[in-house]
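Read off the chains here:
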Amino acid sequence: MIKDGRLGAKMVDSENTEVLEKKDEIMNDNHSQSMDFGEIIRYLVMGGLTTVVSWGTYALFARNLGMEITVSNILSWVCAVIFAYLTNKVWVFHSYSWKVGFVLREVALFISARLMTGVIEMAGVPLLVKAGLNQKLFGVKGMLAKVVVSILVVILNYVFSKLIIFRRKEKQADGRV
């Protein structure tokens, strides 16, 4: 039995604090996996800017520097992926740790995901065209297939970034994982 009311209140406060901290931890974990429309808008804006980087660097390499189309395309993809990683890390998913091991893990996952969705895009467009989705859009044959696959790729890139690449940034950055 506790004779001092203050001690009893302190014990109850301590128990309540632990319960509240556990509730906050659960809520934060659930929030990090829930829909955040601001995050989605930031992702789409940065994706648009990534497209500008891709197209702009492609034009620079192909037209201004006279590089071969394939080389220009590869280099513009590399520039776009670097830009996308940095903007997604900082402005979309707020992953602020710059510890070498942490960044290397993120970069490896990010590039792997982009390579996977790149393969989906490279294979998906011709497959959809062969399957009959070869309608003209903007006067370009097969462009509807390109748009459909691009939408799928954007969704997959967001899901991979949110659920795998940048998922537990607070705990990982603090070394609590």
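Located above this text is the structure these notes cover.
## Regarding the nonpolar core
Looking at soluble globular proteins, one finds that nonpolar side chains tend to be buried together.
Then comes step 1: Within the largest apolar cluster, 15 residues are counted, with the highest numbers of intra-cluster contacts made by Phe-93, Phe-110, Ile-165 and Phe-166.
Then comes step 2: Among the secondary structure elements, those contributing two or more residues to this core are helix H2 (37-64), helix H3 (69-92), helix H4 (100-130) and helix H5 (143-165).
Then comes step 3: Considering every element that reaches this core, the biggest residue donor is H3, with four residues.
Then comes step 4: When neighbours within four sequence positions are excluded, Phe-166 is seen to be in contact with Tyr-85, Asn-88, Lys-89, Phe-93, Ser-95, Glu-106, Phe-110 and Ser-161.

## Quick notes on the layout of surface pockets
Then comes step 1: The computed volume of the largest pocket comes to approximately 1,200 Å³.
Then comes step 2: With 10 residues, H2 is the single largest residue contributor to the lining of the largest pocket.
Then comes step 3: For the lining of the largest pocket, a count of residues per class yields 19 nonpolar, 12 polar and three charged.

## Here we look at the environment of Val-92
Then comes step 1: On the secondary structure map, Val-92 appears in helix H3.
Then comes step 2: On the accessibility criterion, Val-92 (0% relative accessible area) is buried.
Then comes step 3: For the pair Val-92 and Ile-40, spaced 52 residues apart in sequence, the C-alpha separation works out to 7.9 Å.
Then comes step 4: The residues contacting Val-92, other than those within four sequence positions of it, are Glu-39, Arg-42, Tyr-43, Met-46 and Thr-87.

## Notes on the packing of aromatic side chains
The geometry of two aromatic rings is summed up by the distance between their centres and the angle between their planes.
Then comes step 1: In the structure shown here, the tally under the stated rule is seven aromatic pairs.
Then comes step 2: Here Phe-93 and Phe-166 contribute two aromatic rings whose centre-to-centre distance is 5.3 Å and whose plane-to-plane angle is 15 degrees, an arrangement assigned as stacked. Taken together, the residues span a long stretch of sequence, with Phe-93 in the loop between H3 and H4 and Phe-166 in the loop between H5 and helix H6 (169-174) at a distance of 73 residues. In this pair, the class of Phe-93 matches that of Phe-166, namely buried.
Then comes step 3: One aromatic cluster is present, formed by Tyr-43, Tyr-85, Phe-93, Phe-110, Tyr-158 and Phe-166 through successive ring pairs.
Then comes step 4: The ring of Trp-98 has Lys-89 lying over it, and the distance from NZ or CZ to the ring centre is 4.7 Å.

Reading guide: rules and limits
Residues numbered from 1 in each chain as written. Predicted model: local features only at pLDDT ≥ 70, side-chain atom pairs only at ≥ 80, totals over all residues. Heavy atoms only, no water. Core = buried A, V, L, I, M, F, W, Y, C linked by side-chain atoms within 4.5 Å. Buried < 20%, exposed > 50% of the residue type's maximum accessible area, 1.4 Å probe, protein only. Helix = DSSP H or I, 4+ residues; strand = E, 2+ residues; numbered from the N terminus. Contact = heavy atoms within 4.5 Å. 1 Å grid on protein atoms, 1.4 Å probe; cavity = no way out; pocket = protein on both sides within 12 Å on 5 of 7 lines; lining within 4 Å. Points joined across faces, edges and corners; volume = space filled by probe spheres on them. Nonpolar A, V, L, I, M, F, W, Y, C, P; charged D, E, K, R; others polar. Phe/Tyr/Trp six-rings, centres within 6.5 Å; stacked < 30°, edge-to-face > 60°. Lys NZ or Arg CZ within 6 Å of the ring centre and 35° of its normal.

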